[in-house]
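# Chains, contacts and geometry: an overview
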Amino acid sequence: MNSFKDLEELQDKETPSLPLGIKSNVHGQITGMRTMGEIVETYLSKFFSIISAVFGGEIDGERNTHLVTLFLPVKPEELEQPTFLQNLTNVFSLSKSPTLLVAIAVKDGTEISLKMNAKDAAKLKDNTNEGLLSNLDLEIR
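A quick note: this is a predicted structure, and the numbers were derived from the prediction, not measured.

### A closer look at the layout of surface pockets
If you add up the space inside the largest pocket, you get close to 180 Å³. Residue lining of the largest pocket: Leu72, Pro73, Val74, Glu78, Leu79, Glu80, Thr83, Phe84, Asn87, Leu136 and Asp137, and that is the complete set. Here the lining of the largest pocket takes 3 residues from helix H3 (residues 81-92), the largest share from any one element. Of the residues that constitute the lining of the largest pocket, the class distribution is 6 nonpolar, 2 polar and 3 charged.

### Some details on unusual backbone geometry
Phi is positive for Ser93, which is not a glycine, with a value near 55°. With respect to the element layout, Ser93 can be found in the loop between H3 and strand S2 (99-106).

### What to know about the pairing of strand S1 (residues 65-72)
Here S1 runs beside strand S3 (residues 109-117); their pairing, made up of 8 bridges, is antiparallel. Bridge pairing links Leu72 to Thr110 in S3. Taken together, the 2 bridges between S1 and strand S4 (residues 139-140) define a ladder with antiparallel strand orientation. Bridge pairing links Leu70 to Ile140 in S4.

### Describing helix H1 (residues 3-14)
Residues three or four positions apart in an α-helix share a direction because the helix packs 3.6 residues into each turn. End to end, H1 covers 16 Å across 12 residues, agreeing with the expected 16 Å (1.5 Å per residue, within 8%). Taken across its 12 residues, H1 has 0 buried, putting it largely on the surface.

### Observations concerning the sheet that holds S2
A sheet is described by the order of its strands in space; here 4 strands give the open sequence S2-S3-S1-S4, paired in antiparallel fashion. Of all strands in the sheet, those with a lone pairing partner are S2 and S4, marking the two edges.

### Thoughts on helix H2 (residues 22-54)
Here H2 contains 33 residues, and its C-alpha end-to-end distance of 47 Å stays within 8% of the 48 Å for a straight helix at 1.5 Å per residue. Along H2, the sharpest kink reaches roughly 30°, centred on Val40.

### Observations concerning the environment of Lys115
Note on placement: Lys115 falls in strand S3. In this structure, the C-alpha to C-alpha distance between Lys115 and Val102, residues 13 residues apart in sequence, is 9.8 Å.

Reading the values: rules and limits
- Residues numbered from 1 in each chain as written.
- Predicted model: local features only at pLDDT ≥ 70, side-chain atom pairs only at ≥ 80, totals over all residues.
- Heavy atoms only, no water.
- 1 Å grid on protein atoms, 1.4 Å probe; cavity = no way out; pocket = protein on both sides within 12 Å on 5 of 7 lines; lining within 4 Å.
- Points joined across faces, edges and corners; volume = space filled by probe spheres on them.
- Helix = DSSP H or I, 4+ residues; strand = E, 2+ residues; numbered from the N terminus.
- Nonpolar A, V, L, I, M, F, W, Y, C, P; charged D, E, K, R; others polar.
- Pairing = 2+ DSSP bridges.
- Expected span 1.5 Å × (residues − 1).
- Buried < 20%, exposed > 50% of the residue type's maximum accessible area, 1.4 Å probe, protein only.
- Bend = angle between axes of the 7 residues up to and from the residue.

If you want it as structure tokens, here you go:
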């Protein structure tokens, strides 16, 4: 005697049979939800990105930004921000001038935090540009 087989037969007798269309209904609902999800992912995200850009947000290509911290051997009050940012942009051929977030006085000078797009940050951190950094008396922290 196989008790598991008997148990299965007993369970089949006790449970009522399900309507035939349940599997196709569930499959149809899942397919519909998947399609709606793809529509929302494709079109609604673009819509919100456009609305964000209209109200001053960043466009998708510029969204990937990095925070770069540099050290300057000058006091914060001696730092001319527009001139410094323009020089940095010109020397490293940056696509867009970085945004100066904060300048903090430290023991020997000033630590500044810059927000810039990812490609420009990569140019700044590139090992081949160490000479340019030293020419500007900058050090990456």
